[in-house]
Amino acid sequence: MERLKYLLDEEELPRAWYNIQADLPTPLDPPLHPATWQPVKPEDLEPIFPRELIRQEVSRERWIPIPEEVREVYRLWRPTPLYRAVRLERLLKTPARIYYKWEGVSPPGSHKPNTSVAQAYYNMKEGVERLTTETGAGQWGSALAFATMLFGLKCTVYMVRVSYDQKPYRRILMEIWGAECVPSPSSRTEYGRRVLKEDPQNPGSLGIAISEAIEDAVTHPHTKYSLGSVLNHVLLHQTIVGLEAKRQMEMAGDYPDVILGCVGGGSNYSGLLFPFLADKLTGKKPELQAFSCEPKACPTLTKGIYTYDHGDSAGLTPLLKMYTLGHTFVPPPIHAGGLRYHGDAPLLCKLTREGYVGARAYHQNEVFEAARLFARAEGFVVAPETAHAVKAAVDEALRCRETGEEKVILFNASGHGMLDLAAWDAAIHGKLVDFEYPQELVEKALRELPRPRS
Ligand SMILES: *Cc1c(COP(=O)(O)O)cnc(C)c1O
């Protein structure tokens, strides 16, 4: 009998996160101060982040202990199950073995609380009383609302205006968990007022919302800012996913040949991948393959430029070395809201640049088609973001059907799609338009990249 899922006991929940910075062949390029282009000093970040997170951001220690209070919250839904997609394999008639790590079981429904809980905890420990953040479709805002509630902090979420108007369910979740949710651009901040003055109908973007959330944090006492992806400490917290998956793959008696995941800012994929990629970096598994999956409408890793850019629209954040479509990028209205950021995590970008990780891009229609097949075989309705990883896994399995290879495929099922049914509705009724981000726009954004003043 084939096992369908591999479960760990609560006591087996990992006790430390894995820091891939310990095993990089060369160190990361440092974040730069946007005015001076000199490396940012840890003190420069203190108005925004608590000290422990700044320490984790630059740490090269291989293992960072997970505080007991954080493990206790994790135990509400972790360890999460690892599934073998036996029914999908049969449907595809593939000799490949497909595994997925199911992060949709957390209260907010995605991997995001793996870091929001840790971040809320460290802020609470350092006396912070309120956190600000941005959110696109609302997954991150709801994950931070959940976490701040558990540690007694207030939370203000700047939600991209179009999503606020079109996707009320996650706003409601945030409010249930006690957070305040403000549509962005808003009149709360200097930057929001400036954007609204130029264009009162501005639909908002993640870049604008980040600028507002940071401004709110730095202009108010006992308030700090929290980011749900991209940064090293976020990827670090997400490694809990890969550390569990590694033990579960051992239980299954398999080791992945290829690891796949969707990428918005890079956190869920890196979280699954890095503990395995350690084996490639240290020469134990040189043949391990890894591919990230992104929308063709926001092709950061497949069409972006590897350079220093701002993380937000206003240019408040440090410059990060990453693949970018330019901080002036205005995302096309695709349904995978969580995959519309102009940049990606510097760690994942560096590993992509150096050839350890590949990247693939898909159109939204083919992505939903694969996810529908998955829903019919496995039952779970995944988030539109997750559907990109499903598409890549299905493609890989079909390739194995042709070649007869018994490849072991592992992907991260980052979240469920039960609050994204409007997007699903559009998809199954043929109302989604495929959009490929044009090369001219990439080149235009290139001309608007920040440059050092000489
Ligand atoms: C936010 C989100 C993503 C994209 O963010 P990453 O940082 O790239 O992981 C992917 N899937 C789900 C379900 C999300 O909520």
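**What to know about the site of the ligand**
In the vicinity of the ligand lie 19 residues, with K112, S229, G264, S267 and N268 positioned nearest. Side-chain polar atom of S267 to an oxygen atom of the ligand: 2.7 Å apart, as the coordinates give it. Relative to its free-state accessible area of 390 Å², the ligand is covered by the protein chains to the extent of 97%. For the shell around the ligand, the elements supplying multiple residues, two or more each, are α12 (267-281) and α16 (384-403). Across the shell around the ligand, the residue classes break down as 4 nonpolar, 13 polar and 2 charged.

**Here we look at the packing of helix α15 (residues 364-378) against helix α17 (residues 421-428)**
Packing of α15 against α17 leaves a shortest axis separation of 10 Å and a crossing angle of 105°. Considered as vectors, α15 and α17 are oriented roughly perpendicular to each other. Between α15, through F368, A371 and R372, and α17, the contact on the second element is made entirely by A423, W424, A427 and I428.

**Digging into the side chain of E89**
With respect to the helices and strands, E89 occurs in helix α4 (residues 86-92). Sequence-distant contacts of E89, defined by excluding residues within four places in its chain, comprise R84, T94, A96, R97 and I98.

**Quick look at the nonpolar core**
Core analysis: the largest hydrophobic core is formed by 90 residues, its most contacted members being W17, Y74, V117, Y225 and F274. Here the element with the most residues in this core is helix α11 (residues 232-252); it accounts for 9 residues. A85, W102, I409 and A426 belong to the second largest nonpolar core, which has 36 residues in total.

**What to know about the packing of aromatic side chains**
What characterises a pair of aromatic rings is the spacing of the ring centres plus the angle enclosed by the ring planes. A full pass over the atoms with the stated rule returns 19 aromatic pairs. Ring centres of W77 and F146 lie 6.0 Å apart, and the angle between their planes is 65°; this geometry places the pair in the edge-to-face category. Pair noted here: W77 is in the loop between α3 (68-74) and β4 (82-84) and F146 is in helix α6 (residues 139-150), with a separation of 69 residues, a long-range link. Grouping residues by exposure puts W77 and F146 together as buried. Between Y83 and Y100 the ring centres are 5.2 Å apart and the planes differ by 10°, which places this aromatic pair in the stacked class. Of this pair, Y83 sits in strand β4 while Y100 is found in strand β5 (residues 97-102), placing the two residues 17 residues apart along the sequence. Neither Y83 nor Y100 differs from the other in exposure class; each is buried. Cluster of aromatic residues (ring-pair linked, three or more members): Y83, Y100, W102, F374, F380 and F411.

**Some remarks on the sheet that holds strand β11 (residues 289-295)**
Strand order in the open sheet made by the 7 strands is β1-β4-β5-β15-β10-β11-β14, with mixed pairing throughout. Whereas interior strands pair on both sides, the edge strands pair on one side only; in this sheet they are β1 (5-6) and β14 (358-362). Alignment of β1 against β4, held across 2 bridges, turns out to be antiparallel. Bridged to Y6 within β4 is L82. Sheet strands in contact with α12 are β5, β10 (258-262), β11 and β15 (408-413), and its direction is about 160° off that of β10.

The rules behind the values
- Residues numbered from 1 in each chain as written.
- Predicted model: local features only at pLDDT ≥ 70, side-chain atom pairs only at ≥ 80, totals over all residues.
- Heavy atoms only, no water.
- Near = heavy atom within 4 Å.
- Polar contact = N/O pair within 3.5 Å; in protein donor to acceptor, adjacent residues only side chain to side chain.
- Areas by Shrake-Rupley, 256 points an atom, 1.4 Å probe, with all protein chains shown as cover.
- Helix = DSSP H or I, 4+ residues; strand = E, 2+ residues; numbered from the N terminus.
- Nonpolar A, V, L, I, M, F, W, Y, C, P; charged D, E, K, R; others polar.
- Axes fitted to C-alpha atoms, helices over the stretch in contact; angles between N-to-C directions.
- Parallel < 35°, antiparallel > 145°, perpendicular 65-115°, else oblique.
- Contact = heavy atoms within 4.5 Å.
- Core = buried A, V, L, I, M, F, W, Y, C linked by side-chain atoms within 4.5 Å.
- Buried < 20%, exposed > 50% of the residue type's maximum accessible area, 1.4 Å probe, protein only.
- Phe/Tyr/Trp six-rings, centres within 6.5 Å; stacked < 30°, edge-to-face > 60°.
- Pairing = 2+ DSSP bridges.

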